[in-house]
Each structure stands twice: as structure tokens, then as C-alpha cells.
Amino acid sequence: MQKSSEIKIFRSVPKLLIMSGIILGFALILGWIALQRFLARDAEPLDQAFYWICGLAAFAVLLFCIRVLPLWRHVASPFVILSRDGITFPGKPTLAWSDLTENDWHYIGVGPFVAGATLVVRARGNRHGGEALTLACNAKQYFRHCDSLRQTAGPKNV
């Protein structure tokens, strides 16, 4: 049972579906183009573009397997737990609010286009974090939760 002073942040299934759809859709389109070129090889011999298309399709599938598939494996467990004691990443010790030296949400992208986000939390030698673009909250909500729990932590943890 979840304590009232504990906030569990999970991965967002709709965001994972969108990310998976974009990457696998790209691979599917490239695979279809490569198949059409392969089936028409009698009329037009295979050229270098065919191999580039196949390579890009394989890269998209590899990208999905390396970056997105592991996120799906842990969709039912919380990515991070915020409490009065501090920030906890599953399987790691709790980082007390008073020990935090960094608690940042870094956006990765060019101009207004966001390609990714990373949550980085450091506490006196310990560094935890991970991919944050697919979390069920955004940076503003995350920091609002952190501030409210840090204020209720009391003088011993602040």
C-alpha cells in the first residue's frame, strides 16, 4: 500500500506507444520499400540505395530493441519514488533530501524539438537517474512533487 507521503512515478504507456510506433513505423516503411525494390530486381538491378535502405531499417529495429524495449519491461514498476525521506530508485538506497547535490531534468534536442529527456539525481558520490521522456509526469510536475515533499520532510532532512 502506498503511503500518503509517497509519490510513485511510473512510465507512461501512451508515450511508450508513440515512441514505439514512430521507430517501428519507420522500420516498417523502409522494410516495405526494400521489399519492393528486391521484388523488382529483374527489371532494375539492386543498387547501393537498396543496401542503404536495408541498413536504415535494421538500424531502426536495433534502436527499438536497445532503447525502447527495455522501457516496456519495467512499465508496471515505478521509475522513481518520492517520499519525505528523499528520492528512491528501485533497487537502490534512498537519497536523502539533505544529501542531494543535483536534481535536474535535462532536455535533449535542437531548438523547440525535444528528442529526449534525462532525470539526473546526485547525492554525495551516488548518481542515479535515467530516461525521463516517457515518464507519466513532466519536469514541472516532478519538481512540484519534490518541493512539496522536501518542505514536509522536517528540519532533519532539509
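Up top you'll find the structure we're talking about.
If you're wondering where the values come from, they're calculated on a predicted model, not measured in any experiment. (Residues numbered from 1 in each chain as written. Predicted model: local features only at pLDDT ≥ 70, side-chain atom pairs only at ≥ 80, totals over all residues. Heavy atoms only, no water.)

Chemist: Teacher, can you tell me more about the packing of aromatic side chains here?
Modeler: What characterises a pair of aromatic rings is the spacing of the ring centres plus the angle enclosed by the ring planes. Summed over all chains, the structure comprises five aromatic pairs. The interplanar angle of 90° and the centroid separation of 5.7 Å between the aromatic rings of Phe-79 and Phe-89 together place this pair among those described as edge-to-face. With Phe-79 in the loop between α2 (48-73) and β2 (80-82) and Phe-89 in the loop between β3 (86-88) and β4 (95-96), this residue pair connects regions lying 10 residues apart in the sequence. In this structure Phe-89 comes out as buried when scored by relative accessible area, which is 5%. Here the aromatic cluster, defined as three or more aromatic residues joined through ring pairs, consists of Phe-38, Phe-50 and Tyr-51. Note that Arg-41 overlies the ring of Phe-38, its terminal NZ or CZ placed 4.1 Å from the centroid. (Phe/Tyr/Trp six-rings, centres within 6.5 Å; stacked < 30°, edge-to-face > 60°. Helix = DSSP H or I, 4+ residues; strand = E, 2+ residues; numbered from the N terminus. Buried < 20%, exposed > 50% of the residue type's maximum accessible area, 1.4 Å probe, protein only. Lys NZ or Arg CZ within 6 Å of the ring centre and 35° of its normal.)

Chemist: Could you clarify how one ought to interpret the layout of surface pockets in this entry?
Modeler: Over the atoms a probe the size of a water molecule is rolled, and this reveals where empty space is left. Taken as a whole, the largest pocket encloses approximately 270 Å³ of empty space. What lines the largest pocket is a set of 13 residues, among which Arg-11, His-74, Pro-78, Phe-79 and Pro-90 lie closest to the centre. Secondary structure elements with two or more residues in the lining of the largest pocket: α2 and β7 (126-131). Take the lining of the largest pocket: its biggest share by element is three residues, from β7. Looking at side-chain class alone, the lining of the largest pocket contains six nonpolar, five polar and two charged residues. Lining the second largest pocket are 13 residues, and of these Met-19, Arg-67, Ala-115, Glu-131 and Leu-133 sit closest to its centre. Listed by contribution, the elements that provide at least two residues to the lining of the second largest pocket are α1 (13-39), α2 and β6 (113-123). Split into classes, the residues belonging to the lining of the second largest pocket amount to nine nonpolar, two polar and two charged. (1 Å grid on protein atoms, 1.4 Å probe; cavity = no way out; pocket = protein on both sides within 12 Å on 5 of 7 lines; lining within 4 Å. Points joined across faces, edges and corners; volume = space filled by probe spheres on them. Nonpolar A, V, L, I, M, F, W, Y, C, P; charged D, E, K, R; others polar.)

Chemist: I keep staring at α2 and nothing clicks. Help me out?
Modeler: Counting along an α-helix, one turn takes 3.6 residues, and residues three or four places apart therefore face a common direction. Taking 1.5 Å of rise per residue, 26 residues should cover 38 Å, and α2 covers 37 Å from first to last C-alpha, within 8% of that figure. The largest bend in α2 is about 35°, located at Cys-65. Turning to α2, its buried residues number three or more, namely Phe-50, Ile-53, Ala-57, Ala-60, Phe-64, Val-68 and Leu-71. Lining the buried residues of α2 we find α1 and β7. (Expected span 1.5 Å × (residues − 1). Bend = angle between axes of the 7 residues up to and from the residue. Contact = heavy atoms within 4.5 Å.)

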